[in-house]
Every structure is written in structure tokens, then in C-alpha cells.
Amino acid sequence: MKKLFLLSSLFFFCISAFAQLPKINWWFDTDDASFGQSIAADIDNDGKLELIFGCYRNDSMVYALNAEDGSLLWKYNTGAGNSEGCNDVAPIVFDVNGDDTLDVIVPSSCNPTTFCFHGASGKVIWSSPTRGSDSPPTIADVDNDGKMELLHGEFGGYVICLNIEDGSKAWEIPVDLNSWIQTAPTIVDIDGDSYPDFVVATWNAVNKDSNKVYAYRGHDQKLLWTHSLSNFVYHGTAVANLDQDDKPELVIGDYSGKVTALNAEDGSLYWEYQCPQYFYAASPVSIADIDHDGRCEVLFSAWYKVYALSFDGKVKWEYDIPNYGSCFRGVALSDIDNDSKPDVIFGSSLGNLYSLKGSDGSLIWELDLEAHYGDTFTIDHASVISDFDKDGILDAFVVGGFTEYPKFEVNYGRAYCISVGKGAGPDWLMFQYDIQRQSSLCAATSGIESLQVSNEINVYPNPSAGDFHILVNDRMKANYTVTVYSVNAKKIVESEFKDVKGEIAISLPSLTIQDGFYIVQILSDSEIKTFKLLISN
């Protein structure tokens, strides 16, 4: 009997412990829903993450909350005159002025202005007039001057590039003046020269068959190629080396229900997957090796389904969202059940938060946030994932609410932080994962043992446990500055090396480094190279 009692007690304890998750940690009420997504970053240098997001017209605020408890750090109303602050765009963070504090950059749509806020105080550092935007901004050194630039699409069919230190316009190019550019300008090396290029797609709702993917060279904005699509596109491109040829593929969905994988070097078709009739593949694509088979899988949502496709475009699994709910903003990927395989976390239009096992699409849990709120509650917002309160359990942050237009004064919203599970992560800290908006836990090139950045520079090992080497093959000695950033643009380490000819050894700080991708920038006397490094312990 004692053994039976012990086993029964143990079983009850396990069920009770499991039943505690998911658990709502805190919530924060707003006056409207959030369509601008969110980002998690330590913007006040307190060693803890903050959560930054914007709200729609009836609220008009950009909020920065302390992630551990939901208390307000600062807020800013982006409205101007008779124009509300729509804040439909995903924020991004970067240290724009070199003061070792991450700053917040948010393009606005109703008030056609891109704002840069001081991370710790919320004070405006600069603001730049634009044509208005729903396009998530990206960051890269596209002109190879050793300084980062900010790119985003605009209404009217343009892409604009701003100098990140002061918001001045570096350039602006027309893509298709009969469309809008709603997608992020995804940063990727298109032509294999180790310099950043960018990719966008068009939103032409009138002439739907005129929509295309456009690939541009970064430093001079030369059009490299286009690829025609069957309908317009709202969310941007995911990047991974799907076919293991050491060249990236680009994956994008459109409103015809088609998901297309392209060879990045020339825009040729790798594969395409057609969803059933009346489905539209509006969400962003996310990419990861969800079953640890050594190949990358493609995940997206279309109407009431979440799909996982294999590297070659075949259906691996699909999940029906109950009651025909939809998931417009796509899925976040992070291991939350401690099996070391990325799981799938997303919110639905009916106010539920879901987690699925990445390996087979089975349900881990669901949480009815509409029932908790007590009124109609739509989640049109992508989750971000981290251990926000540092209790050893991963948390998800998501915002929902109710929006009516033009009678938007009745709108409301609420942000939630929820404990979701104890797992290996990695953190998913922003919309489309990183500041390049590549939406991928898979490297764009295989990089199993080493990554060749150019004929003169090799980086190894990649993946790395935290220490890596840069092999310099120049015949003459040169000076190098090596900077390593996290995916949300926080500077991890910067080192200068004088008169180098041979090898540079880099060690990342073991106390602060976590598994995941990092951006490595190598600046020499004559050029600058940027690439991704995977840290895996």
C-alpha cells in the first residue's frame, strides 16, 4: 500500500506540475490591439529584458515594459495633429549613437514618420519623414562604410534607407509604384560576394498577377532579378539553405495560398506548395530543423491550418486551428518541452494561444485568453519567447484585443506574459527572429565545419561553443575590427587587431552567451564582411 500511495502521489505531483503550465504571469491593459508585433531587448542596461510594442489608433502609443513584471518603463504617442499613431510596424533595436545602450526604432503609418527612441528613457533621438509604412525595418551595412543602415518598405511602392546614427535619408528607390511594399527588406547575400543584399515583395491588390519578388544588390541598389507571384504579399521572406548547396533559398507565401521557395542566386524556382482553394498563405514563414534530421523544415499558417513542410516542399504535418481560427502573424519557434527540438507557439484570431510539438504537430497545450479577458479578444500579434523573469521557465509575450474601424474609440487591448515550459529554447526575441528578418533557426549556408567569408577570410568552427577563429590569408599585414552582435543587435564584444597576417582568435563571454545565432562583422582596412555564427554548447 505504501508503494501504491507513493506512486499515486508522484503521479499526482507530475500532473499538477504540468497543469501549472501555461500560467499567466502578468498582463498590461491598453486602449487598442497591437498589430506592430513586439521585440524583447535590454534597453536600459539593467541586465533584464524589456518588451517593446506599439498599439493601434485608439491608443497610439509605443510601449516599453519591464519584462519581469509588466511595469511601464516608458511610452510615447506617435500621433501628430489630426493623425493618430497607428504603429502597425514591428520595432527594431540598435545602439545608434555608440553609448552602449540599445535604442528603439519604429516606423509609423498614419503619421508617416520613422522614430528612433533612446532605449532607457524613451526620448526621441531622431525622427525621419517617410511615405508611411507597414514594413518591418531591417538593419545592415548595405553601403559597406562600416556603419549600419536601416531599411524598410513604404506606401506607394518604395524602399527607403536611413543612416541609423541620425535618421538622414541615404537613398530611396521605387520598386513598383502601383503597389505598396508591406514586406520587410530581408537582408541576405544574394550574389555570393559576402556583402548584404535585400529582398522585398509587392502588395498590388488591384492587379494581383503583377506582384513579384524583387532582389536588389545592397551597395548600389541594382535590381538582380525578379520572380512573378500569383497574388500580393504582406509578410516577407524566410532564408535558409534548404537544399544544402551552400547557397541560400528564399521562402515566401502569397494570398493565392501558394508558398514559393526560390534559389536566392538567380530567383529560379526550387519548389512551390499550393494550399487548398480559398486558403491564403498570408503569414510569414519560419524555418528550423524541427525533428533533428539534419534538414530544415518550413512552417507557416494559411487560414485555419498550420503547416510544416519538409526541405523539398512536401507536407510533414498540418494542424487544424479549432473553430476555424487563423494565425496571421506566423509562429515562433523554441523548445519549450525540453526535448531539444523547436516547438511551435502562436496566437489565433479567436483569442487562444497554442503550442505544438515541432516534430509532429501534436498539441502540447492551449490557453484561452479570450475567456480570461472576458470579452471578444483577437490575437493578431506574433509571440516572442524568453525566460523573462529568470525563474528557469520560458515565457511567451503576446498582445491581443478588439479593433473596429472607423469607430475605433471602442477598441481595447491587453498584453500578456505567460510561462510556457522548461526547455532548451532558443529565445525568439523579435518578429521574424533577427534584425535581418530571416525568420530562421537554420543558417543560410551549411557552415558545418567552417564558413568561408571570402577568398581572404575563413571563420571556423561554425557552429562554435563560444570560441572561434578568423583565418586571414592576406599576403600583407592589415588591421581588423571584429564585432559580434546578438540577433537583436546588442553588442556582445568588439575587439581590434593590429598588423594581422594569419589567424585571429575570438572568445565570447561565457557568462552572458546563450545558444543561438550571432552576427559577426569583420572590418578591415579595405572592406567589411558580415555573417552569422551559430553558438551551440
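Refer to the structure above for everything that follows.
Residues numbered from 1 in each chain as written. Predicted model: local features only at pLDDT ≥ 70, side-chain atom pairs only at ≥ 80, totals over all residues. Heavy atoms only, no water.

Trainee: Can you help me understand the packing of aromatic side chains in this one?
Mentor: Ring pairs (aromatic) are described by centroid distance and by the angle formed between their planes. This model, assessed by the stated rule, comprises 36 aromatic pairs. Through a chain of ring-to-ring contacts, three or more aromatic side chains come together here, namely Trp-27, Tyr-373, Phe-377, Phe-402, Tyr-412 and Tyr-416. (Phe/Tyr/Trp six-rings, centres within 6.5 Å; stacked < 30°, edge-to-face > 60°.)

Trainee: Explain a negative patch on the surface here, please?
Mentor: Residues Asp-143, Asp-145, Glu-165 and Asp-166 make up a contiguous surface patch of negative charge. Inspection of the secondary structure assignment puts Asp-166 in the loop between β12 (158-163) and β13 (169-174). Given a relative accessible area of 42%, Asp-166 falls into the partly exposed group. (Patch = residues over 30% accessible without salt bridge, like charges linked within 9 Å, V, L, I, M, F, W, Y side chains within 5 Å. Areas by Shrake-Rupley, 256 points an atom, 1.4 Å probe, with all protein chains shown as cover. Salt bridge = Lys/Arg side-chain N within 4 Å of Asp/Glu carboxyl O. Lys, Arg positive; Asp, Glu negative; His and termini not counted. Charge placed at Lys NZ, Arg CZ, Asp CG, Glu CD. Helix = DSSP H or I, 4+ residues; strand = E, 2+ residues; numbered from the N terminus. Buried < 20%, exposed > 50% of the residue type's maximum accessible area, 1.4 Å probe, protein only.)

Trainee: How should I be thinking about the state of the cysteines in this particular structure?
Mentor: In a disulfide, the sulfur atoms of two cysteines are covalently bonded to one another. For the structure on display, the rule yields two disulfides. Listing the disulfide partners of the chain by sequence rank of the bonded cysteines yields 1-2, 3-4. Take Cys-55: it sits in no disulfide, and the sulfur closest to it among the cysteines is that of Cys-86, at 12 Å. Cysteine Cys-327 shares no disulfide, and the gap to the nearest cysteine sulfur, in Cys-275, comes to 13 Å. (Disulfide = S-S within 2.5 Å.)

Trainee: Explain unusual backbone geometry to me, please; I cannot follow it from the model alone.
Mentor: A negative phi angle is the norm for most residues apart from glycine, just as the trans form is the norm for most peptide bonds. In this model, Tyr-405 is joined to Pro-406 through a cis peptide bond whose omega is 10°. As for its position among the elements, Pro-406 is in the loop between β31 (394-402) and β32 (412-421). The omega torsion across Gly-425 and Pro-426 is 5°, close enough to zero to call that bond cis. Looking at the element boundaries, Pro-426 is found in the loop between β32 and β33 (451-452). Even without being a glycine, Asn-144 presents a positive backbone phi close to 60°. Structurally, Asn-144 is set in the loop between β10 (138-140) and β11 (149-154).

Trainee: Whenever I open this one, the sheet that holds strand β6 (residues 92-94) confuses me. Can you help?
Mentor: By definition, the strands of a sheet pair up through backbone hydrogen bonds, in either a parallel or an antiparallel sense. Taken together, the four strands give an open sheet; going across it, the order is β6-β7-β8-β9, and neighbouring strands pair in antiparallel fashion. The strands lining the two open edges of the sheet, one partner per strand, are β6 and β9 (124-129). Ignoring which end each strand starts from, the neighbouring axes of this sheet average 20° apart. The pairing of strand β8 (residues 113-117) with β9 spans five bridges and is antiparallel. Within β9, the residue paired with Thr-114 across the bridge is Ser-128. (Pairing = 2+ DSSP bridges. Axes fitted to C-alpha atoms, helices over the stretch in contact; angles between N-to-C directions.)

Trainee: Even after reading the chapter, I still don't get the side chain of Glu-149, so can you show me in this structure?
Mentor: By the element assignment, Glu-149 lies in strand β11. The side chain of Glu-149 sits in the buried core without any salt bridge; Lys-147 is the nearest counter-charge, 7.9 Å away. Reaching out from Glu-149, the side chain makes a polar contact with the backbone nitrogen of Val-142 at a distance of 2.9 Å. Here the side chain of Glu-149 touches Asp-143 through a polar contact of 3.5 Å, landing on its backbone nitrogen. When residues no more than four places from it in sequence are discounted, the contact partners of Glu-149 are Thr-138, Ile-139, Ala-140, Asp-141, Val-142, Asp-143, Cys-161, Leu-162, Asn-163 and Ile-164. (Polar contact = N/O pair within 3.5 Å; in protein donor to acceptor, adjacent residues only side chain to side chain. Contact = heavy atoms within 4.5 Å.)

Trainee: Would you mind going over the pairing of strand β36 (residues 478-486) with me for this structure?
Mentor: Here is the key point about a regular strand: its side chains alternate between the two faces of the sheet. The element β36 is largely enclosed, with a buried count of eight among its nine residues. In terms of strand pairing, β36 meets strand β37 (residues 491-500) through seven bridges, oriented antiparallel. Across the sheet, Tyr-480 pairs through a bridge with Phe-497, a residue of β37. Connecting β36 to the next strand, β37, in antiparallel fashion are four residues, including Ala-489 with a positive phi near 80°.

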